[in-house]
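# Understanding the architecture of this molecule
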Amino acid sequence: MKPEIIDTMLDGQVIKLKNCVPDDLDHNDLFNNYEKDFNFPDSAVGQLHQYSYPYGHNDKRFDPIRKLLEIPDNYSAKIGLHEISAGGFIPPHADKHYYGGLTIFLNYEWDIDWGGWGMAYNDTGIITTVPSYGDAVFYKTPLLHCTAPVYVTDKVRRSIQIFYIEDNKWDDLARE
């Protein structure tokens with residue numbers, strides 16, 4: 001994996017990257033052998049699933065991305081897996097507890113017409129990211145963002161989600 005920044009938008013709050021999947025990561029296996037399925041908030045509609053990441057929250061394989069994004073040293077990673085199927089979406093939110101959130105897209109094939117795009121917006125505009133294998137989008141908080149519904153019945157949008165949280169707030173977040 002050799003991540004690169006493609007673009008920076010919305011006053012630096014959105015950073016698009018490429019080459020973000022570790023070479024030795026079998027992402028299909030991640031979705032077959034997860035440990036726990038976490039519930040999304042009631043405002044999330046459709047088929048959304050969040051799974052635990054089996055290699056731990058601070059998987060060192062993602063350190064090159066962390067360095068590229070200049071994540072402060074006093075922040076830890078919280079890594080999970082997302083899967084969104086037909087009708088599923090993530091409503092607008094700002095991830096206010098985190099420094100930022102990174103979505104790494106895992107679908108080898110994804111058509112723009114299938115939906116599932118990542119979207120971020122503020123007073124100056126809206127940015128849309130179509131899923132593409134190995135690409136990623138980082139949202140520096142607070143920034144409103146969401147995911148469009150997946151429109152096709154037999155398609156599932158898969159991603160690795162990495163949230164960066166201040167070390168001294170990790171325990172507080174776990175209690176919520």
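Anything mentioned here points back to the structure above.
This text gives an overview of the structure that appears in the document. (Residues numbered from 1 in each chain as written. Predicted model: local features only at pLDDT ≥ 70, side-chain atom pairs only at ≥ 80, totals over all residues. Heavy atoms only, no water.)

## Some thoughts on the packing of aromatic side chains
Keep this limit in mind: The rule is short: rings of Phe, Tyr and Trp, with Trp giving its six-membered ring, pair when the centres are within 6.5 Å, and they are stacked under 30 degrees, edge-to-face over 60, tilted in between. Numbering of helices and strands runs from the N terminus; a helix is a DSSP stretch of H or I covering at least four residues, while a strand is a stretch of E covering at least two. Note on classification: 1.4 Å probe, protein chains only; a residue is buried when its accessible area is under 20% of the maximum for its type, exposed when over 50%, partly exposed between these limits.
Tallied over the full model, the rule gives eight aromatic pairs. Their ring planes at 55° and their centres at 5.1 Å tell us that tyrosine 75 and tyrosine 99 sit as a pair that is tilted. Here tyrosine 99 lies in the loop between strand 6 (90–93) and strand 7 (100–105) and tyrosine 75 lies in strand 5 (residues 75–85), a separation of 24 residues in the sequence. For tyrosine 75, a relative accessible area of 16% gives the class buried. Note on tryptophan 110 and tryptophan 114: the rings are 5.3 Å apart at their centroids and 85° apart in plane angle, and the pair reads as edge-to-face. An identical accessibility class is assigned to tryptophan 110 and tryptophan 114; each is buried. Put simply, the rings of Tyr75, Tyr99, Phe138 and Tyr164 pair up and form one aromatic cluster.

## Observations regarding the pattern of salt bridges
Rules: One speaks of a salt bridge when a side-chain nitrogen belonging to Lys or Arg is within 4 Å of a carboxyl oxygen belonging to Asp or Glu.
Following the criterion strictly, the structure yields three salt bridges and no others. Close ionic contact of arginine 61 with aspartate 24 constitutes a salt bridge, the shortest N to O distance being 3.2 Å. One end of the pair, arginine 61, is in the loop between strand 4 (48–52) and helix 2 (63–68); the other, aspartate 24, is in the loop between strand 2 (14–18) and helix 1 (27–32), and 37 residues separate them in sequence. Overall, the relative accessible area of 22% leaves arginine 61 in the partly exposed class. Judged by its relative accessible area of 56%, aspartate 24 is exposed. Close ionic contact of aspartate 59 with arginine 61 constitutes a salt bridge, the shortest N to O distance being 2.9 Å. Look at aspartate 59 and you get buried, because its relative accessible area is 10%. Several salt bridges converge on common partners, so that one network encompasses Asp24, Asp59 and Arg61.

## Regarding the sheet that holds strand 9 (residues 125–129)
Our working rule: Two strands are said to pair when DSSP picks up at least two bridges between them. Fitted lines through C-alpha atoms give the axes, limited to the stretch in contact for helices. The angle between two N-to-C directions lies from 0 to 180 degrees.
Strand order in the open sheet formed by four strands is 6-11-8-9, and the pairing between neighbours is antiparallel. Looking at strand neighbours, the two that pair on one side only are strand 6 and strand 9, the edges of this open sheet. The sheet shows a mean angle of 15° between the axes of neighbouring strands, taken without regard to direction. Sheet analysis places strand 6 next to strand 11 (residues 144–147), joined by two bridges and oriented antiparallel. Each residue of the ladder has a partner; that of isoleucine 90, found in strand 11, is threonine 147.

## Some thoughts on the pairing of strand 7
In terms of burial, strand 7 is a largely internal element, six of the six residues being buried. Burial along strand 7 is two-sided: Gly100, Leu102 and Ile104 and Gly101, Thr103 and Phe105, pointing in opposite directions, are all buried. Bridge analysis of strand 7 against strand 10 (residues 136–140) gives five bridges, and the strand direction is antiparallel. Looking across to strand 10, one finds that isoleucine 104 is bridged to alanine 136. Relative to strand 12 (residues 156–166), strand 7 runs antiparallel, the two sharing six bridges. In the strand pairing of strand 12, leucine 102 is matched with isoleucine 162.

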